[in-house]
Amino acid sequence: MISRVNFAGWYRNRFVWVAVILLAVSAGTVVLVNRAGPEAEPADLQAQITARMRSTLEQADPGQHNHAGHNVQQAAATEKPAVICGVRVYGYEPSEVTALADVQTVYGFHLCGVAEQKRPWDVAVKLAGPVIMDMSTEPPGIQVVEATAEVMFTDRVRQMLPPKYADLALKEALTESEMADQRRRYDAAAGL
């Protein structure tokens, strides 16, 4: 049996209170981490989508995302020059998914340079503009947003992209860090 004196001593013991506080803080931390888990995942998903978009564009034949008749001049060698891309993801659908396998469509921007040997970036063939990727197929489908003889570029962007992404596509391209990374990778691939 516990006497009143022993109970009062236990109640006033500071080590017991330190243990109680640590237990409460630990429980609170666990709750916060579990609540933040699903919201933290899309940032990782965004990085996965960016990497998949970049690798898809770099592995595709330049003709698949060719613009305004730019053709890569093939050298006498049979080796194809590397395509080095910088990408920016504007968004994806369905927007509530948390796994890359569940993403159906990606809307973004691409700037790719064809890294022919010893050809500097400033004179390289470049392929750029808004792009829509169909992630439900293997390999993903690439649809470049381009003007036509009948439709101006801005109108074509608004036709092909949802309004929230079309507005971004008309204002924003690559981030400075993405552009710097692309230029570094281009120079290495071109042997500069």
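Here, every reference points to the structure presented above.
Residues numbered from 1 in each chain as written. Predicted model: local features only at pLDDT ≥ 70, side-chain atom pairs only at ≥ 80, totals over all residues. Heavy atoms only, no water.

**Quick look at the pairing of strand S3 (residues 126-134)**
Logical step 1: As paired strands, strand S2 (residues 105-115) and S3 are joined by 9 bridges and run antiparallel to one another. Note on S3: the bridge partner recorded for Tyr107 is Ile132.
Logical step 2: Here 4 bridges tie S3 to strand S4 (residues 141-144), and the two strands are oriented antiparallel to one another. When the bridges of S4 are listed, Val131 appears paired with Val144.
Logical step 3: Linking S3 to S4, which pair antiparallel, is a turn of 6 residues. (Pairing = 2+ DSSP bridges. Helix = DSSP H or I, 4+ residues; strand = E, 2+ residues; numbered from the N terminus.)

**Here's the deal with the state of the cysteines**
Logical step 1: Evaluation of the coordinates by the stated rule reveals 1 disulfide.
Logical step 2: Here Cys85 pairs with Cys112 through a disulfide, and the sulfurs are 2.0 Å apart. Between Cys85 and Cys112, the disulfide has an S-S torsion of 110° and is therefore right-handed. Of this pair, Cys85 sits in strand S1 (residues 82-93) while Cys112 sits in strand S2, placing them 27 residues apart in sequence. Comparing Cys85 with Cys112, the two get one shared label, buried. (Disulfide = S-S within 2.5 Å. Buried < 20%, exposed > 50% of the residue type's maximum accessible area, 1.4 Å probe, protein only.)

**Considerations on helix H5 (residues 176-189)**
Logical step 1: The terminal C-alpha atoms of H5 lie 20 Å apart, and with 14 residues this matches the ideal 20 Å at 1.5 Å per residue to within 8%.
Logical step 2: Taken together, the buried positions of H5 are occupied by Glu178, Gln182, Arg185 and Tyr186. Taken end-on, H5 shows its buried residues confined to a sector of 105°, consistent with a single buried face. The exposed set on the far side of H5, more than 90 degrees from its buried face, consists of Glu176, Ser177, Arg184 and Ala188.
Logical step 3: One or two residues past the end of H5 sits Gly191, with phi positive at roughly 75°. (Expected span 1.5 Å × (residues − 1). Arc of directions from axis to C-beta.)

**Let's talk about the environment of Thr50**
Logical step 1: Considering the arrangement of structural elements, one finds Thr50 in helix H2 (residues 14-59).
Logical step 2: Linking Thr50 and Tyr90, residues 40 residues apart in sequence, is a C-alpha distance of 9.9 Å.
Logical step 3: Setting aside residues no more than four positions away along its own chain, Thr50 makes contact with Val87 and Val89.
Logical step 4: Polar contacts involving the side chain of Thr50 include one to the main-chain carbonyl oxygen of Gln46, which spans 2.9 Å. (Contact = heavy atoms within 4.5 Å. Polar contact = N/O pair within 3.5 Å; in protein donor to acceptor, adjacent residues only side chain to side chain.)

**Comments concerning the side chain of Arg54**
Logical step 1: Along the chain, Arg54 turns up in helix H2.
Logical step 2: Contacts of Arg54, omitting those with residues within four sequence positions, involve Cys85, Val87, Glu178 and Arg185.

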